[in-house]
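Secondary and tertiary structure notes
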Amino acid sequence: MSVLDTTDTLDVAGYAAAVRRSLADLGPEQVDDLTDDLEADLAEALDDERHVAHGRGVLEQFGPPEEYAAELRAAAGLAPASAAGRAGLPMGDPVQDARRLGRWALQRLRAQAWWPAVEDFLVALRPVWWLLRGWVVYQLVASMAGVSGWFPHNLPAFLVLVGFVVLSVQWGRGAWFRGSSGAWVATAANVVAVLAVLPLLGTVQDGLNDRELVYDSYLAGAFRDGGTQTVVEDRAIDGVVVDGMQVSNLFVYDAEGNPLTDVQVYDDRGRPVRTTFDNGFEQYWFPEATEPWSFVSRVDSDGRARWNVYPLQGAPTSEFTYDDEGLQVLPAGSSATTPPWPFAKAPALDAPPEAAIGAEGPVPTPTSTP
Amino acid sequence: MDTTQLLKGVLDLAVLAVVSDEDGYGYDVVRRLRAAGIEEVGDASVYGTLRRLYSSGALTSYVVPSDEGPHRKYYGINAQGRAMLEAQRKDWQEFAGAMGRLLKTEVVR
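Keep in mind it's a predicted model, so treat the numbers as computed, not measured. All residue numbers here refer to positions counted from 1 along the written sequence of the relevant chain. Whichever chain is written first is A, and whichever ligand is written first is 1; the rest continue in order. Note on the predicted model: pLDDT of at least 70 is required for a residue's local features to be given, and 80 or more for side-chain atom pairs to be given and counted; whole-chain, interface and lining totals, by contrast, use all residues. Side-chain calculation: all heavy atoms of the structure are included, whereas hydrogens and water are not.

**Examining the overall build of chain B**
Only runs of H or I of at least four residues qualify as helices and only runs of E of at least two qualify as strands under DSSP, and these elements are numbered from the N terminus. Counting secondary structure elements, chain B contains four helices and three strands. In what follows, a contact means two residues having at least one pair of non-hydrogen atoms within 4.5 Å. The contacts of chain B with a sequence gap of at least 6 include a subset with a gap of at least 24, amounting to 47%. In these tables, accessible area is a Shrake-Rupley quantity obtained with a 1.4 Å probe, and a residue counts as shielded only by the protein chains included in the view. Total accessible area on chain B stands at roughly 6500 Å², and carbon and sulfur atoms take up 55% of it.

Structural data, given as structure tokens:
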């Protein structure tokens, strides 16, 4: 017997399996007696060069497997399938009807000139369907078991997938599920797989789209602050910030390190530099304070409140009362005091370098030359 | 005329004749039938006939192991089969003679 390529072998195996299924009602012994050498005989017939069968497919040469089985059964002197009391459905077997419809469709298609090439191509893809079918069944089982992911992540799940693929391929080849007991389970699983494959592929595509969206937002920086989707803006705040902390007061020392009071601070554009913006209503805690303080403003010669005079003076908040206008003021008789200095004296500086000031102001004379 | 109808009556005889010539397995018998000119018979019919003849005791069967291919089941004829063959051969010759006379043609013996 010559060597056939694998697709022919698998075709024959599938055909033989179908023949056996049609004979299944006779019982496994009888089926074996009738079909012991079936694969070998079919293969040899297809391969026989002297016979016109050479190069034809199994279905083409032998006709539908059910008819082959009926002929075999009749020649062997056994009762035909329907009379053998198969447990069929009462209202006309939909499986048989479906098969008839499929055969009719195939016959119509085969009448077209372009069909044989297409059919060969599709038949060549059958093993791919077997692999896909195994994965579909794995996916359905996995999603019911709560395992996520389109491909197994761990060894047990991978083994399960391999198991389903092996089952699918072996059934496709006709090697397993030959008897009537296992056949309907395999057929049902096949139908489920066919129905489920498109929706499953759709959800896989959705899942991939979702991941792309998440990845894009990751690239845009959505996950920097520990996973919450905060957008970090660099927005400047008003006030004085030291070491990431907004400070409530400034303490100024002169060159020798002596504390200065009533220092007016302006920024590079001449704007007053403020540390507080509450007009005296807020409370502030600072180190070594036992209770919070509130600040009071200084008043300039025009009568405006000035909050850029440092160090800001105030008093513990508890000493404040409210006046007739609802403002927080110190009661008459008590006055604002300076909050505790961080240190009594700052380190003395080196002799200051030459400082050039704008044209309006006087040039300070250095106390000594460097 | 559709020879399949003719064949249904005499397939047993044809198969017995082939197997009595030499033991053979399923497709081997099919091939020899076709070589003798019986083209119309379906493979399944031949296999079923072999099975039925074996069940009725006219044929023996044994498995021949093979190194290269699968093991094949061979059929051989036994005494009962030979007796059946002889009886059916006579029936056929009488029948063919009668038909020949009716049709006024010679029957090749």
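**Remarks on the overall build of chain A**
Each helix and strand in chain A was counted, giving ten helices and twelve strands. Looking at chain A alone, contacts between residues at least 24 apart form 57% of all its contacts between residues at least 6 apart. Put simply, chain A shows about 24200 Å² of open surface, and 59% of that area lies on carbon and sulfur atoms.

**Quick look at the packing of aromatic side chains**
Classification of ring pairs rests on two measures: the distance between centres of Phe, Tyr or Trp rings, Trp counted by its six-membered ring, which must be within 6.5 Å, and the angle between planes, read as stacked under 30 degrees, edge-to-face over 60 and tilted in between. Scanning the model with the defined rule gives eleven aromatic pairs over all chains in all. Centre to centre, the rings of Tyr-253 of chain A and Phe-343 of chain A are 5.1 Å apart; their planes meet at 25 degrees, and the pair counts as stacked. On the criterion of sequence distance, the pair formed by Tyr-253 of chain A in strand S3 (residues 252-253) and Phe-343 of chain A in the segment after strand S12 (328-329) is long-range, its members being 90 residues apart. Exposure categories follow from relative accessible area, calculated using a 1.4 Å probe and restricted to protein chains: below 20% of the type maximum is buried, above 50% is exposed, and the middle band is partly exposed. Take Tyr-253 of chain A: its relative accessible area is 16%, and that puts it in the buried class. Judged by centre distance (5.4 Å) and plane angle (75 degrees), the rings of Tyr-25 of chain B and Tyr-74 of chain B are edge-to-face. Of this pair, Tyr-25 of chain B sits in strand S1 (residues 24-25) while Tyr-74 of chain B sits in strand S3 (residues 72-77), placing them 49 residues apart in sequence. What links up through ring pairs into an aromatic cluster is the set Phe-251, Tyr-253, Trp-341 and Phe-343 of chain A.

**Focus: empty space enclosed by the protein**
Points on a 1 Å grid over protein atoms alone make up a cavity when a 1.4 Å probe fits among them but cannot get out, and a pocket when they form an open set with protein on both sides within 12 Å along at least five of seven lines; lining residues each have an atom within 4 Å of a point. Grid points are joined across faces, edges and corners, and a volume is the space filled by probe spheres set on the points. Across all of its chains, the model carries two cavities of 30 Å³ or more by this definition. Along its surface, the largest cavity is lined by Asp-33, Leu-34, Asp-36, Asp-37, Leu-38 and Asp-41 of chain A together with Gly-26, Tyr-47, Leu-50, Arg-51, Lys-73 and Tyr-75 of chain B. At the level of elements, helix H2 (28-35) and helix H3 (38-47) of chain A together with helix H3 (43-55) and S3 of chain B are the ones that each hand at least two residues to the lining of the largest cavity. When residues in the lining of the largest cavity are grouped by element, the largest group, three residues, is from H3 of chain B. A breakdown of the residues in the lining of the largest cavity according to their chemical character gives five nonpolar, one polar and six charged. As a working rule, the residues Ala, Val, Leu, Ile, Met, Phe, Trp, Tyr, Cys and Pro are called nonpolar, Asp, Glu, Lys and Arg charged, and the rest polar, with Gly in that last group.

**Considering helix H9 (residues 155-173) of chain A**
Expected span of a helix, by definition, is 1.5 Å for each gap between consecutive residues, and there is one gap fewer than residues. Here H9 of chain A is 19 residues long and its end C-alpha atoms lie 27 Å apart, about the 27 Å a rise of 1.5 Å per residue gives. All buried positions along H9 of chain A are accounted for by Ala-157, Leu-161, Val-165, Ser-168, Gln-170, Trp-171 and Gly-172 of chain A.

**Let's talk about the interface of chain A and chain B**
Facing the 19 residues of chain A at the interface are 18 residues of chain B. Across the chain A/chain B interface, buried area totals approximately 1700 Å², and carbon plus sulfur atoms make up 49% of it. Simply put, the buried area is the total loss of 1.4 Å probe accessible area from both parts when two parts are fitted together. Ranking the residues of chain A by area buried against chain B places Asp-41, Glu-44 and Ala-75 of chain A at the top, with a combined share of 28%. A side-chain nitrogen of Lys or Arg and a carboxyl oxygen of Asp or Glu constitute a salt bridge if their distance falls within 4 Å. Connecting chain A to chain B are six salt bridges. Asp-41 of chain A serves as the salt-bridge partner of Arg-72 of chain B, at 2.2 Å between the closest nitrogen and oxygen. Here a polar contact is taken to be a pair of N or O atoms separated by no more than 3.5 Å, where protein atoms must pair a possible hydrogen donor with a possible acceptor and residues adjacent in sequence count only if both atoms sit in side chains. On the surface where chain A and chain B come into contact, there are ten residue pairs in polar contact (both at pLDDT 80 or more). Broken down by secondary-structure element, the contributors of at least two residues to the side of chain A that touches chain B are H2, H3 and helix H5 (65-75) of chain A.

**Comments concerning unusual backbone geometry**
The phi torsion of most residues other than glycine is negative, and most of the peptide bonds are trans. Residues and elements named next belong to chain A. Of note, the bond from Tyr-310 into Pro-311 is cis; its omega dihedral lies within 30 degrees of zero at -5 degrees. As for its placement among the helices and strands, Pro-311 is situated in the loop between strand S9 (309-310) and strand S10 (313-316). One non-glycine residue, Asp-243, lies in positive phi territory at about 60 degrees. Residue position: Asp-243 is located in the loop between strand S1 (241-242) and strand S2 (245-246). With a phi angle near 55 degrees, Asp-262 is a residue other than glycine that sits in the positive phi range. If you trace the backbone, Asp-262 turns up in the loop between strand S4 (259-260) and strand S5 (263-264). With a relative accessible area of 43%, Asp-262 lands in the partly exposed category.

**What to know about the nonpolar core**
Residues belong to one nonpolar core when they are buried, are Ala, Val, Leu, Ile, Met, Phe, Trp, Tyr or Cys, and are joined through side-chain atoms within 4.5 Å. Leu-42, Phe-62 and Tyr-68 of chain A together with Leu-33, Leu-50 and Leu-59 of chain B are the most contacted members of the largest nonpolar core, which totals 41 residues. Considering every element that reaches this core, the biggest residue donor is helix H1 (residues 3-21) of chain B, with eight residues. Those residues within four positions of Leu-59 of chain B in sequence are excluded, and the remaining contacts are Leu-16, Val-19, Leu-50, Leu-53, Tyr-54, Tyr-75, Gly-76, Ile-77 and Asn-78 of chain B. Judged by nonpolar contacts, the second largest core, of 13 residues, contains Trp-135, Val-136, Tyr-138 and Leu-200 of chain A.

**Some details on the pattern of salt bridges**
In this structure the tally under the stated criterion is 18 salt bridges over all chains. The partner of Arg-32 of chain B in a salt bridge is Asp-28 of chain B, with the nearest N and O atoms 3.2 Å apart. Within this pair, Arg-32 of chain B and its partner Asp-28 of chain B are both found in helix H2 (residues 26-35), separated by four residues, close to a single helical turn. Here Asp-28 of chain B falls in the buried class, since its relative accessible area comes to 14%. If you follow the salt bridges from partner to partner, you end up with Asp-37, Asp-41 and Glu-44 of chain A together with Asp-28, Arg-31, Arg-32 and Arg-72 of chain B in one network.

**As for the sheet that holds S1 of chain B**
Sheets are built from strands paired through backbone hydrogen bonds, the pairs being either parallel or antiparallel. Residues and elements named next belong to chain B. Pairing between strands is defined by DSSP: at least two bridges between them are needed. Strands sit in the order S1-S3-S2 across an open sheet of three strands; the sheet is antiparallel. Each having just a single partner strand, S1 and strand S2 (59-64) make up the two edges of the open sheet. Sheet topology note: the S2/S3 ladder contains six bridges and is antiparallel. What sits directly across from Ser-61, in S3, is Tyr-75. This element, H3, spans S2 and S3 of the sheet and lies at about 115 degrees to S2. Structural elements are reduced to axes, namely lines fitted to C-alpha atoms, with helices fitted over the stretch in contact, and the angle between N-to-C directions of any two is expressed from 0 to 180 degrees.

**Brief notes about H2 of chain A**
Residues Val-31, Leu-34 and Thr-35 of chain A constitute the buried set of H2 of chain A. Across the axial projection of H2 of chain A, the buried residues extend over an arc of 80 degrees, all falling on one side. By definition, the arc is the one covered by directions from the helix axis to the C-beta atoms.

**Regarding the environment of Trp-285 of chain A**
Residue and element names in this part refer to chain A. Here Trp-285 is to be found in the loop between S5 and strand S6 (293-296). For Trp-285 and Pro-316, which are 31 residues apart along the polypeptide, the C-alpha to C-alpha distance reads 9.7 Å. When sequence neighbours within four positions are dropped, the list of residues in contact with Trp-285 reads Thr-290, Glu-291 and Pro-292.

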